[in-house]
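Summary of the model geometry
These are the residues of each chain, in order.
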Amino acid sequence: MADEAPFQFLHNEVLQYIYKSAENGETDNGRNIAKLENMGFRVGQGLMERLTKDTARFKDELDIMKFVCKDFWTCVFKKQIDNLRTNHQGIYVLQDNKFRLLSQLSAGKQYLEQAPKYLAFTCGLVRGALSNLGVKSIVTAEVSVMPACVSDHKMIRKIFS
């Protein structure tokens, strides 16, 4: 619990730094999101490398996703994903009902437009983790109700090729 607060503070400071540089006319919102995703991508790669160094090979994509939902998510956010769904055609939906990086924002609808910048790092984190396991993916996140994301909660969709 003690290491959760520094991670949230660091995340908030990185967001402020990137968006303050944008206010000075250096970049636009799309580039800011891309910067955050790229930072998350590199962190996800490194974390997954560390977490999987002593584990056996995964049998299939579903085993990889279960590992991401249990071990990887627990390492980063100190809790497991609340729900994992799949259509068995390469699309996986991860749902986190109390996403930690959105929990400090108010639950009001006026903050929904701010949510994507809080999710960009995490999208990159998951994409980097999957990349380290040899899985090419597209990761998106949506928010419909705070602090949960899509389908009334957090949805991260991965498409494997």
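Before reading on, note that the structure itself is shown above.
A brief report on the enclosed structure follows. Note that the structure is predicted; figures quoted are calculated from it, not measured.

**Observations concerning the layout of surface pockets**
Within this model, the largest pocket holds a volume of roughly 160 Å³. As for the largest pocket, its lining consists of 13 residues, and the residues nearest its centre are Pro116, Leu119, Cys123, Thr140 and Ala141. No other element matches helix H4 (residues 115-132), which puts five residues into the lining of the largest pocket.

**Things to note about unusual backbone geometry**
One non-glycine residue, Lys78, lies in positive phi territory at about 65°. Tracing the backbone through its elements, the reader meets Lys78 in the loop between helix H3 (61-77) and strand E1 (83-86).

**Examining the pattern of salt bridges**
Pairing is possible between side chains that carry opposite charge, provided their charged atoms lie close to one another. Under the counting rule described, the total for this entry stands at two salt bridges. Between Lys79 and Asp82 there is a salt bridge; the shortest N-O distance is 3.2 Å. Judged by relative accessible area, which is 17%, Lys79 ranks as buried. Owing to a relative accessible area of 39%, Asp82 belongs among the partly exposed residues under this scheme. In the salt-bridge network here, residues are joined through shared partners; they are Lys79, Asp82 and Asp96.

**A few points about the pairing of E1**
Taken residue by residue, a regular strand's side chains alternate between the two faces of the sheet. Pairing of E1 with strand E2 (residues 91-95) involves four bridges; the strand directions are antiparallel. Within the sheet, the bridge partner assigned to Arg85 lies in E2 and is Val93. Between the end of E1 and the start of E2, which pair antiparallel, lie four residues, with His88 showing a positive phi angle near 60°.

Parameters at a glance
- Residues numbered from 1 in each chain as written.
- Predicted model: local features only at pLDDT ≥ 70, side-chain atom pairs only at ≥ 80, totals over all residues.
- Heavy atoms only, no water.
- 1 Å grid on protein atoms, 1.4 Å probe; cavity = no way out; pocket = protein on both sides within 12 Å on 5 of 7 lines; lining within 4 Å.
- Points joined across faces, edges and corners; volume = space filled by probe spheres on them.
- Helix = DSSP H or I, 4+ residues; strand = E, 2+ residues; numbered from the N terminus.
- Salt bridge = Lys/Arg side-chain N within 4 Å of Asp/Glu carboxyl O.
- Buried < 20%, exposed > 50% of the residue type's maximum accessible area, 1.4 Å probe, protein only.
- Pairing = 2+ DSSP bridges.

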